[in-house]
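Spelled out from the first residue to the last, the chains are:
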Amino acid sequence: MSMNRDRQTDELFRSILSLESVEECYRYFEDLCTMKEIRDLGQRLEVARLLDEGCSYMQAGEATGASSATIGRVKRCLNYGSGGYRLILNRMRKGGGTDA
């Protein structure tokens, strides 16, 4: 799984990296995404956290309301993806990115 790089996507990621607080993230993502898109992203991250902690598909689904297809996709990314979920989960466990 590899995403093709392009100028627009690079600029999007640079814009996200320029955010300095959770409040700024709320403001930017509210303009950038629909509420459903934001909730879906948060749900996937929570599924990844639960699976990484050893929860079953059923437990992750019950805790988050995610579909089995979403849980399966997240699990594939955890096992065979580019390492993005693991990078973020490790940083979050170490206390990174907790500003308000």
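Going by the structure above, here's the rest.
What counts, and where the lines are drawn
- Residues numbered from 1 in each chain as written.
- Predicted model: local features only at pLDDT ≥ 70, side-chain atom pairs only at ≥ 80, totals over all residues.
- Heavy atoms only, no water.
- Phe/Tyr/Trp six-rings, centres within 6.5 Å; stacked < 30°, edge-to-face > 60°.
- Buried < 20%, exposed > 50% of the residue type's maximum accessible area, 1.4 Å probe, protein only.
- Salt bridge = Lys/Arg side-chain N within 4 Å of Asp/Glu carboxyl O.
- Helix = DSSP H or I, 4+ residues; strand = E, 2+ residues; numbered from the N terminus.
- Contact = heavy atoms within 4.5 Å.
- Polar contact = N/O pair within 3.5 Å; in protein donor to acceptor, adjacent residues only side chain to side chain.

> Teacher, can you tell me more about the packing of aromatic side chains here?
Each aromatic ring pair is specified by the distance between its two centres and by the angle formed by the two planes. Per the counting criterion, the structure on display carries one aromatic pair. Measuring from ring centre to ring centre gives 5.9 Å for Y28 and F29, while their planes differ by 80°; the resulting arrangement is edge-to-face. Take Y28: its relative accessible area is 25%, and that puts it in the partly exposed class.

> I tried to follow the pattern of salt bridges on my own but got confused; where do I start?
Oppositely charged side chains may form a pair once their charged atoms are brought near each other. Counted under the stated rule, the structure contains seven salt bridges. With its nearest N and O atoms 2.9 Å apart, the salt bridge here joins K36 to D40. Note that K36 and D40 are positioned in helix 3 (residues 35-52) at a spacing of four residues, about one turn of the helix. When the shortest N-O distance is used, the salt bridge between R93 and D52 registers 2.9 Å. Linking R93 in helix 6 (residues 84-93) with D52 in helix 3, this pair joins segments that are 41 residues apart in sequence. Three or more residues joined by partner-sharing salt bridges are found here, namely E46, R49 and E53.

> When you look at helix 1 (residues 7-17) in this model, what are you seeing that I'm missing?
Each α-helix winds once per 3.6 residues, and so residues spaced three or four apart point in a common direction. Residues T9, D10 and S15 constitute the buried set of helix 1. Contact partners of the buried residues in helix 1: helix 2 (22-32). Where helix 1 begins, the capping side chain belongs to D6, and its oxygen is found 3.2 Å from the backbone nitrogen of Q8.

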